[in-house]
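If you want the building blocks of each chain, they are given just below.
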Amino acid sequence: KIGFGYHAGLGIITGGEGFRSFWGYSAGFKFFPYKSQFIDIQYGTIGILYQEDYLGNIINQEVLIGPSALLGGDWFFSQYFGMNGSVGASFNVSHPGVQSVFLVIEMGLMVKFK
């Protein structure tokens, strides 16, 4: 089976060096070349850049935004509920001079609307 779909998501983006965990959002398009495996192209938040003062207090935060390309799969427990997982890369387009490519590992719960 070959299929297409769209999605919107909200979740927690975990931090790395120079970044803090925060709520992120994205929307995208999925192509299913075989059963529940997908190729996902999405756009949304991919990280957050922050600056600290000499005491470690955050004095400035800016959201990084850009597209992502992911490979993954959907698994449904019932007709309407399931989970998915994917891996890929996100590309920072909002702040030149900041790291431009990030490894992405996503997992989530899904609700299907018919």
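Our structure is the block above this text.
Reading the values: rules and limits
- Residues numbered from 1 in each chain as written.
- Predicted model: local features only at pLDDT ≥ 70, side-chain atom pairs only at ≥ 80, totals over all residues.
- Heavy atoms only, no water.
- Helix = DSSP H or I, 4+ residues; strand = E, 2+ residues; numbered from the N terminus.
- Contact = heavy atoms within 4.5 Å.
- Salt bridge = Lys/Arg side-chain N within 4 Å of Asp/Glu carboxyl O.
- Buried < 20%, exposed > 50% of the residue type's maximum accessible area, 1.4 Å probe, protein only.
- Phe/Tyr/Trp six-rings, centres within 6.5 Å; stacked < 30°, edge-to-face > 60°.

Enquirer: In this structure, what is going on with unusual backbone geometry? I would like to understand it.
Expert: Trans is the prevailing form of peptide bonds, just as negative phi is the prevailing case for residues other than glycine. At Lys-35, a position not held by glycine, the phi torsion is positive, near 50°. Position of Lys-35 among the secondary structure elements: in the loop between β2 (22–34) and β3 (37–52).

Enquirer: Honestly, the side chain of Ser-86 in this entry has me stumped. Any pointers?
Expert: Here Ser-86 shows up in strand β5 (residues 81–91). Dropping the residues within four chain positions of it, Ser-86 is found in contact with Phe-38, Leu-70, Leu-71, Gly-72, Val-104, Ile-105 and Glu-106.

Enquirer: Would you mind going over the environment of Tyr-80 with me for this structure?
Expert: Relative to the assigned elements, Tyr-80 resides in the loop between β4 (58–76) and β5. Taking the C-alpha atoms as reference, Tyr-80 lies 16 Å from Ala-8; in sequence the two are 72 residues apart.

Enquirer: Sorry if this is basic, but what is going on with the pattern of salt bridges here?
Expert: Once the charged atoms of two side chains with opposite charge are near each other, the side chains can pair. Across all of its chains, the model carries 1 salt bridge by this definition. Asp-74 is the salt-bridge partner of Lys-30, the closest N and O atoms lying 3.2 Å from each other. In this pair, Lys-30 sits in strand β2 while Asp-74 sits in strand β4, placing the two residues 44 residues apart along the sequence. Across this residue pair, the class does not change: Lys-30 and Asp-74 are buried.

Enquirer: Sorry if this is basic, but what is going on with the packing of aromatic side chains here?
Expert: The geometry of two aromatic rings is summed up by the distance between their centres and the angle between their planes. Evaluated as defined, the whole model comprises 3 aromatic pairs. Both rings, one in Phe-4 and one in Phe-31, keep their centres 5.3 Å apart while their planes meet at 40°; by these two values the pair is tilted. Separated by 27 residues along the polypeptide, Phe-4 in strand β1 (residues 3–13) and Phe-31 in strand β2 bring together distant segments of the chain. Where Phe-32 meets Phe-38, the ring centres are 6.0 Å apart and the plane angle is 75°; that geometry is what we call edge-to-face. Residue classification places Phe-32 among the buried positions, given a relative accessible area of 15%.

Enquirer: Hey, could you run me through the side chain of Asn-84 in this one?
Expert: In this fold, Asn-84 is placed in strand β5. The contacts of Asn-84, once residues within four sequence positions are left out, are Lys-30, Phe-38, Gly-73, Asp-74, Trp-75, Glu-106, Met-107, Gly-108 and Met-110.

Enquirer: Looking at this structure, how should I read the environment of Leu-71?
Expert: Mapped onto the elements, Leu-71 comes out in strand β4. Taking the relative accessible area as the measure of exposure, Leu-71 reaches 53% and is therefore exposed. Residues Leu-71 and Ser-90 lie 19 residues apart in sequence; the distance between their C-alpha atoms is 12 Å. Setting aside residues no more than four positions away along its own chain, Leu-71 makes contact with Phe-38, Ile-39, Gly-85, Ser-86 and Val-87.

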